[in-house]
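# Overview (structure and organization)
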Amino acid sequence: MILPLFSRLIKFGMFNNLSMSTRKRIVVLGGGFAGVNFIKKFSKNTQHEVVLIDQNNYHFFPPLLYQVSTAFIEASNISYPFRRMFQGKENVRFHLGKFLHINQAEKVVVTDTGELSYDYVVFAMGTKTNYFGMENIKNNSLPMKTIDDALVMRNRILLNMERAVQAKTLAEKEKHLNIVIAGGGPTGVEVAGMLAEMGLKLANKEYPEVKDLKTNLYLVDAMPVLLQPMSKKSQDEAYDVLSKLGVHIVLNTAVKDYDNGKVIFSDGSEIETEVLIWASGVVSQDVTGISEESLGRGKRILVDPYNKVIGTNNIFAIGDIALEMSDSDFPNGHPQLAQVAIQQGSLLAKNLELIINNSTPKTVFRYNDKGSMAIISKYKAVVDLNKNTFLKGFFAWIIWLFIHIIPLIGFRNKAKLLSNWLWSFITNDPTLRLIIRPDDKD
């Protein structure tokens, strides 16, 4: 009777002080791909405590964020609560709060909702939108980095459609319908393709006063090509498909300002619009408390081959926020992609366990490049598996579909998303165009 009771008290923490000298607390900042995959692997070692800090109470899947912003899928399809995710893991805790700074001398992480002591810290906060110092664009454009951003964008676009219907003049109607997308990378291309499909398939049916949304789409990039990091075949395919959908592609031109409802370009031209979607770059989250010597290009945290922050002994960084330049295949640092974050999180879990046990890690990080891909429009995608393998069209779209559903957290999300996705594509008639939360700026 006494022994079973004693073991239960230990399990639920009443005698944890008995092992305080060996039990360590690992604080993980950020619940994206890197942080979640680290916790999944490391939490199997129940001797230590893991605390996840995030300003949201859910993990979400950024590659499908643009489909939330274009009212094609629900936000719940690509998100999952952390507390639900870690049910049954007695050594994992969640702290809702925004990171403010780290005090290395006192081994404390400070958030806007409290302080947490640590033995080891893992920075996995990812990136934020880079406005390149342009305040008007920061204050007036629509970014797409979070679920909140996607919902704001969805409502802005839908509200503008209604305003265009009620417009009295052609100039006023065009201003409401014009959409400028700054950034010709995967995000910009995917948003442009989805909005063009909406204009082609839905505008005539639901907005007869508007007729055709696609002719009011502008995709702008300072580079001479779309999808700059991908192969030339992918770049050409994206240009051809979007052009056929009626998207106005403007290359070798940068957005310089956005004020009083006008987007101003580097060549001096202007477009009147109430929607400037900013998909033109990212920069690392602020990491106050980390020395300047430990920061590299784009404010990314410099790490060694084991993802330990340069100049520290117990701080690590993984995912988009980390910059490791010792990988011979990526001498300028790894690309800020989900696969890099996933692989770094999994490997650090193994290495940190060895470090805690005073052993030397045996495996340095080497990125296994599985290729890159982008969806362009319905049944149209491009996939670069390696330097010599390029796929496009329907087969590439199928690969894109399953690659982006398989990693989703939780079976409910996968099943629900797949059914909703297929139904919307087959019918060309998604039913999520609900103006639920008006844009704060409106």
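Higher on the page you've got the structure.
Let me sum up the structure you'll find in this document. Because the structure is a prediction, the values reported are computed rather than measured.

## Some words on the sheet that holds strand 8 (residues 114–117)
The sheet built from three strands is open, its strands ordered 6-7-8 with antiparallel pairing. In this open sheet, the two strands that pair with only one neighbour each are strand 6 (99–103) and strand 8. Averaged over neighbouring strand pairs, the angle between their axes works out to 20 degrees when direction is ignored. Examined bridge by bridge, strand 7 (residues 108–111) and strand 8 share four bridges and lie antiparallel to one another. Bridge assignment links Val110 to a residue of strand 8, and that residue is Glu115.

## What to know about the nonpolar core
Among the nonpolar cores identified, the biggest contains 80 residues, and Ile26, Phe38, Ile181, Leu195, Leu242 and Leu352 are the most heavily contacted of them. Looking at which element gives the most residues to this core, the answer is helix 8 (residues 186–201), with seven residues. With residues up to four places along the chain from it excluded, the contact list for Phe38 reads Ile26, Val28, Val122, Ile318, Gly345, Leu348, Ala349 and Leu352. Of all hydrophobic cores here, the second largest spans 21 residues; its members include Val51, Ile290, Ile321 and Ala322.

## Quick look at helix 8
Between its first and last C-alpha, helix 8 extends 22 Å over 16 residues, near the 22 Å set by a 1.5 Å rise per residue. Of all 16 residues in helix 8, twelve are buried; the element is thus mostly enclosed. Within helix 8 the residues assigned to the buried category are Gly188, Val189, Glu190, Val191, Ala192, Gly193, Met194, Leu195, Ala196, Glu197, Met198 and Gly199.

## Topic: the pairing of strand 24 (residues 389–392)
Bridge count between strand 23 (residues 380–386) and strand 24: four bridges; the pairing is antiparallel. Bridging from a neighbouring strand, Val383 pairs with Leu391 of strand 24. Where strand 23 folds back on strand 24, the antiparallel hairpin that results is connected by two residues.

## A look at helix 11 (residues 338–356)
Compared with an ideal rise of 1.5 Å per residue, which puts 19 residues at 27 Å, helix 11 spans 27 Å between its outermost C-alpha atoms and is within 8% of the ideal. In the stretch just after helix 11, Asn358 is the one whose phi turns positive, near 60 degrees.

## Section: the packing of helix 6 (residues 147–166) against helix 7 (residues 170–177)
One can describe the packing of helix 6 onto helix 7 by two numbers: an axis separation of 8 Å at closest approach and a directional angle of 170 degrees. Judged by the angle between their axes, helix 6 and helix 7 are roughly antiparallel. Of the residues in helix 7, those in contact with Asn160, Met161, Arg163 and Ala164 of helix 6 are Lys173, His176 and Leu177. Here the contact of helix 6 with helix 7 is built from residues that sort into three nonpolar, two polar and two charged.

## Digging into the environment of Asn56
Inspection of the secondary structure assignment puts Asn56 in the loop between strand 2 (49–54) and strand 3 (58–60). Note: C-alpha distance between Asn56 and Gly31 (25 residues apart in sequence) is 8.5 Å. Contacts of Asn56, omitting those with residues within four sequence positions, involve Phe82, Phe94 and Leu96.

## Quick notes on the side chain of Gln67
Within the secondary structure layout, Gln67 lies in helix 3 (residues 65–69). The exposure class assigned to Gln67 is buried, which follows from its relative accessible area of 0%. A distance of 2.9 Å separates a polar atom in the side chain of Gln67 from a polar atom in the side chain of Tyr66.

## Remarks on the packing of helix 2 (residues 33–42) against helix 11
Across the interface, helix 2 lies against helix 11 with an axial gap of 7 Å and an inter-helix angle of 40 degrees. Crossing geometry of helix 2 relative to helix 11 is assigned as right-handed. On the side of helix 2, the interface is formed by Phe33, Ala34, Asn37, Phe38, Lys41 and Phe42, while helix 11 contributes Ala338, Ala341, Ile342, Gly345, Ser346, Leu348, Ala349, Leu352, Glu353 and Ile356. Grouping the amino acids of the contact of helix 2 with helix 11 by side-chain chemistry returns eleven nonpolar, three polar and two charged.

Cut-offs and rules
- Residues numbered from 1 in each chain as written.
- Predicted model: local features only at pLDDT ≥ 70, side-chain atom pairs only at ≥ 80, totals over all residues.
- Heavy atoms only, no water.
- Pairing = 2+ DSSP bridges.
- Helix = DSSP H or I, 4+ residues; strand = E, 2+ residues; numbered from the N terminus.
- Axes fitted to C-alpha atoms, helices over the stretch in contact; angles between N-to-C directions.
- Core = buried A, V, L, I, M, F, W, Y, C linked by side-chain atoms within 4.5 Å.
- Buried < 20%, exposed > 50% of the residue type's maximum accessible area, 1.4 Å probe, protein only.
- Contact = heavy atoms within 4.5 Å.
- Expected span 1.5 Å × (residues − 1).
- Parallel < 35°, antiparallel > 145°, perpendicular 65-115°, else oblique.
- Nonpolar A, V, L, I, M, F, W, Y, C, P; charged D, E, K, R; others polar.
- Polar contact = N/O pair within 3.5 Å; in protein donor to acceptor, adjacent residues only side chain to side chain.
- Left-handed = near helix turned anticlockwise from the far one by under 90°.

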